[in-house]
Amino acid sequence: MSYRIPTLFSLCALAALLAPAIRADEGGATEQLELRISSANVEIVIVDRGEVDGLRVGDRVVFAPRSGGAPEGVVTAVNEKSAVITLSDRSILLEPGTKGSVELPASRFAPPTPDKPKTPAEADPTPDQPEGAAGAAAGTESGEPTRWKNPDKDYEPDMPLLASLRPVKPRERRRSLTGRVYMLFDHTNNPSSDTDDSFFRAGTDLLMENPFDKGGALNFNAEVGYLTDINEDKEGDFLLRRLSYSRGGHRFSDTRWEVGRFLQHGIPEFGVVDGGEWAMRGGKGQRLGASFGFMPEPFDDYATGTDLQLAVYYEWIADLREELTLTAGFQKTMHNGDLDRDLLIAKVRYYRPKGWNFTGSFWIDFYFGGDQLKSGVELTQAWASLSKSSHRGGVDFDYRRRAFADILRTEYLPPEPNEIADNVYDRLGVDAWRMLSTKLRVRGHLSAYKDEEDTGGAAELGFGLKNVLGKTSDFNATAFATQGQFTDVYGARFAYGKSLHRGRWDLLYEIANHHQIGFPPDVDDLIQHRLRASASVYWESQWDLTVYGQGLSYDEELSWSVGLTLQRRF
């Protein structure tokens, strides 16, 4: 108890010190984008937002699981309407349907600023103008009109503006290097039990386009890490996440291939592979692909050579607007030469700007008699969402399912045989929100679940205020309750954040009563307090920094955490 007041005071002081450090002209320089996990595989998750929503590689995402906490991840791959998030804490397994948010610079959504027209004196001669000409509007020094060398005789008013220009092929583009360098640090201390753990990671994620004048791309992603766990030092690790070369998959080539170590492009849920992948795009946008290679183990050193996989997939697109997309992929694996998993992943996306939208991801395992604990066909993992929204409100019905697959491959701590055979979790929920005014938003949640032993549910009701407690600010208050087999939880959460010209800071406080079912009255209620402060800074030089501090008090136990993320994009 003696640590509680000083620790919470220190966190409040940290927040007070951070705010002036990033103070600048208030201009609402960030916008919050909400997203959801559509499927998950070990250390990565797939979310339902992508490039069209403003996401970019390197963006930092904060998730809000109903179990509490604020696990984070970084965008490591972006498609048009989905993105891959690599979690900072590899021991966390987030469920499909988990909500998250990301703060994006408002400049990404701002229309481009038109160039200021030059005066005749400032205009420069161009190759298509006679020598000494200052511009079409200015004419010549003698007052005669300019005669252009290229009059665009073949151009018609109804033709696209750049119709007469030949597109530049990838192999004709100059060699370029883009990417990011980053560093992460996190430390957690529990004075009550005299334990602590921390990790430090630093790495780079690079993309070199047209490295060999063939129009391909070279990808490199590696990091070094150092971890201490419960006061026991562990050696540092070097992790090669990606080293691959790809070519094709653009307007000049209907086929795409990639070799090396990489996250599979067609169906990222199949995971990282040491091998090759090939894909072909049809005339209507449909895609057919296959991959072959070893699957690195999802541990500190990414050891490979144990699990071999072969995967094929097909994606069908209804039309060029991609309102309806159906994808199916099958993966067969071998573990140390023995036949292992037979996995079918099916995905569907139906999107209408005005109307009901449906998104689903389904993992189906087949057991053909050689497995010890299961047989037949089982839906191992699923997430399905039926939603409709507008600028005034929305509703979202979602279904989640998770069970253990009976496989030889080891992914984190292996479950017990009875857990593999019997454990299953199904959850059905509904979320709704409504804008009562331009500044007030109300929201609610109801859900019910069933597992192998019990049933339960959860409920939330809250509201959000924008620009009421200060310009470019937002305040959210939420009351929540969950009912479980051993514990019922009732509590409230309050969050306040403010966007600055080149940054943002946030404060969160949560209080919850954990009622232990079946315990004596004097020990059946445990009060939990959680206080978190975070701040982010964005510089024009493409550096950005995020720091946080958190204190957690649970009955007589106390822990605190601090961390930072520093990265530069180029």
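This structure is a prediction, so every number in the text was calculated from the model and none was measured.

Rules of the game
- Residues numbered from 1 in each chain as written.
- Predicted model: local features only at pLDDT ≥ 70, side-chain atom pairs only at ≥ 80, totals over all residues.
- Heavy atoms only, no water.
- Helix = DSSP H or I, 4+ residues; strand = E, 2+ residues; numbered from the N terminus.
- Buried < 20%, exposed > 50% of the residue type's maximum accessible area, 1.4 Å probe, protein only.
- Contact = heavy atoms within 4.5 Å.
- Areas by Shrake-Rupley, 256 points an atom, 1.4 Å probe, with all protein chains shown as cover.
- Pairing = 2+ DSSP bridges.
- Core = buried A, V, L, I, M, F, W, Y, C linked by side-chain atoms within 4.5 Å.
- Phe/Tyr/Trp six-rings, centres within 6.5 Å; stacked < 30°, edge-to-face > 60°.
- Polar contact = N/O pair within 3.5 Å; in protein donor to acceptor, adjacent residues only side chain to side chain.
- Patch = residues over 30% accessible without salt bridge, like charges linked within 9 Å, V, L, I, M, F, W, Y side chains within 5 Å.
- Salt bridge = Lys/Arg side-chain N within 4 Å of Asp/Glu carboxyl O.
- pLDDT = per-residue confidence, 0-100.

K.L.:
Outline the overall build of the protein chain, listing residues and values.
P.N.:
Each helix and strand counted, the protein chain has two helices and 29 strands in total. Buried residues in the protein chain amount to 41% of all 570 residues. Contacts spanning at least 24 positions in sequence make up 50% of the contacts within the protein chain whose residues lie at least 6 apart. For the protein chain, the accessible surface area stands at approximately 31100 Å², while carbon and sulfur atoms represent 58% of it.

K.L.:
Please set out the pairing of strand β15 (residues 307–317) residue by residue, giving values where relevant.
P.N.:
Of the two faces of β15, the one holding Asp 307, Gln 309, Ala 311, Tyr 313, Glu 315 and Ile 317 is buried and the one holding Leu 308, Leu 310, Val 312, Tyr 314 and Trp 316 is not buried anywhere. Pairing of strand β14 (residues 287–295) with β15, which is carried by nine bridges, proceeds in the antiparallel orientation. Counted as the bridge partner of Gly 293 is Gln 309 from β15. As paired elements, β15 and strand β16 (residues 324–335) share 11 bridges and run antiparallel to each other. The partner of Tyr 313 across the bridge, within β16, is Gly 329. If you look at the hairpin formed by β15 and β16, you'll find six residues sitting between the two strands, and Glu 322 has a positive phi there, around 55°.

K.L.:
For the pairing of strand β28 (residues 543–554), give the residues involved together with the corresponding values.
P.N.:
Where strand β27 (residues 525–538) meets β28, 11 bridges bridge the pair, whose relative direction is antiparallel. Among the inter-strand pairings, Ser 536 is bridged to a residue of β28, identified as Thr 546. Two elements, β28 and strand β29 (residues 557–569), share 12 bridges in a ladder whose sense is antiparallel. The residue of β29 that forms the bridge with Trp 543 is Arg 568. Connecting the antiparallel pair β28 and β29 is a turn made up of two residues, with Asp 555 showing a positive phi of about 60°.

K.L.:
Pulling in residues and values, what's your account of the nonpolar core?
P.N.:
In summary, soluble globular proteins display a tendency toward joint burial of nonpolar side chains. Within the largest apolar cluster, 16 residues are counted, with the highest numbers of intra-cluster contacts made by Val 45, Val 47, Leu 55 and Phe 63. In terms of residue count, the dominant contributor to this core is strand β1 (residues 30–41) (four residues). Ile 267, Phe 270, Ala 279 and Tyr 313 belong to the second-largest nonpolar core, a separate cluster that totals eight residues.

K.L.:
Quick one: what's the story with the packing of aromatic side chains, residue by residue and with numbers?
P.N.:
Scanning the model with the defined rule gives seven aromatic pairs in all. Ring geometry for Phe 212 and Tyr 245: centres 5.4 Å apart, planes at 55°, overall tilted. Here the residue Phe 212 occupies a position in the loop between β8 (195–209) and β9 (217–229), and Tyr 245 occupies one in strand β11 (residues 237–250), the gap between them amounting to 33 residues. The class of Tyr 245 is buried, set by a relative accessible area of 11%.

K.L.:
Go over the side chain of Asp 431 with me, naming the residues and quoting the values.
P.N.:
Along the polypeptide, Asp 431 turns up in strand β21 (residues 424–435). Relative accessible area serves as the criterion here: at 8%, Asp 431 is assigned to the buried category. At 3.2 Å, the side chain of Asp 431 forms a polar contact with the side chain of His 445. With residues up to four places along the chain from it excluded, the contact list for Asp 431 reads Arg 36, Arg 66, Lys 99, Gly 394, Val 395, Asp 396, Asp 398, Gly 444 and His 445.

K.L.:
So what's going on with unusual backbone geometry? Residues and values would help.
P.N.:
Positive phi, normally seen in glycine, also occurs at Asn 210, with a value near 55°. Residue placement: Asn 210 occurs in the loop between β8 and β9. Unlike most non-glycine residues, Gln 542 shows phi in positive territory, near 75°. Tracing the backbone through its elements, the reader meets Gln 542 in the loop between β27 and β28.

K.L.:
Describe a nonpolar patch on the surface, and please don't skip the residues or the numbers.
P.N.:
Residues Trp 278, Met 280, Leu 288, Tyr 314, Trp 316 and Leu 326 make up a contiguous nonpolar surface patch of about 540 Å² in total accessible area. Among the elements of the structure, β13 (272–281) and β15 are those that each provide at least two residues to the nonpolar patch. On the secondary structure map, Trp 316 appears in strand β15. Looking at Trp 316, the relative accessible area reads 35%, which means it is partly exposed.

K.L.:
Account for the environment of Gly 266, with residues named and values stated.
P.N.:
Secondary-structure assignment places Gly 266 in the loop between β12 (253–263) and β13. Residues Gly 266 and Gly 289 lie 23 residues apart in sequence; the distance between their C-alpha atoms is 6.9 Å. Setting aside residues up to four positions removed in sequence, Gly 266 forms contacts with Glu 277 and Tyr 313.

K.L.:
Please set out the pattern of salt bridges residue by residue, giving values where relevant.
P.N.:
Enumeration according to the criterion identifies 33 salt bridges in this entry. Across the pair Arg 569 and Asp 59 runs a salt bridge whose closest N-O atoms are separated by 3.0 Å. Residue Arg 569 is found in strand β29, and its partner Asp 59 is found in the loop between β2 (44–47) and β3 (60–63); the two are separated by 510 residues along the sequence. By relative accessible area, Asp 59 is classed as buried at 2%. Where salt bridges share partners, they join Arg 36, Glu 95, Lys 99, Asp 396, Asp 398, Arg 400 and Asp 431 into one cluster.

K.L.:
Account for the environment of Glu 315, naming residues and giving values.
P.N.:
Assignment of secondary structure puts Glu 315 in strand β15. Given the relative accessible area of 18%, Glu 315 is considered buried. Setting aside anything within four residues of it in sequence, one finds Glu 315 in contact with Gln 286, Arg 287, Thr 325, Leu 326 and Thr 327. Of note is the side chain of Glu 315, whose polar atom sits 2.5 Å from the side chain of Arg 287. Of note is the side chain of Glu 315, whose polar atom sits 3.3 Å from the side chain of Thr 327.

K.L.:
Residue-level account of the confidence of the model for the protein chain, with values.
P.N.:
Considering every residue of the protein chain, the mean pLDDT works out to 81; 81% of them sit at 70 or more. Residue range residues 118–142 is modelled with pLDDT below 50. Its contacts to residues more than four positions away, or to other chains, number 30 contacts.

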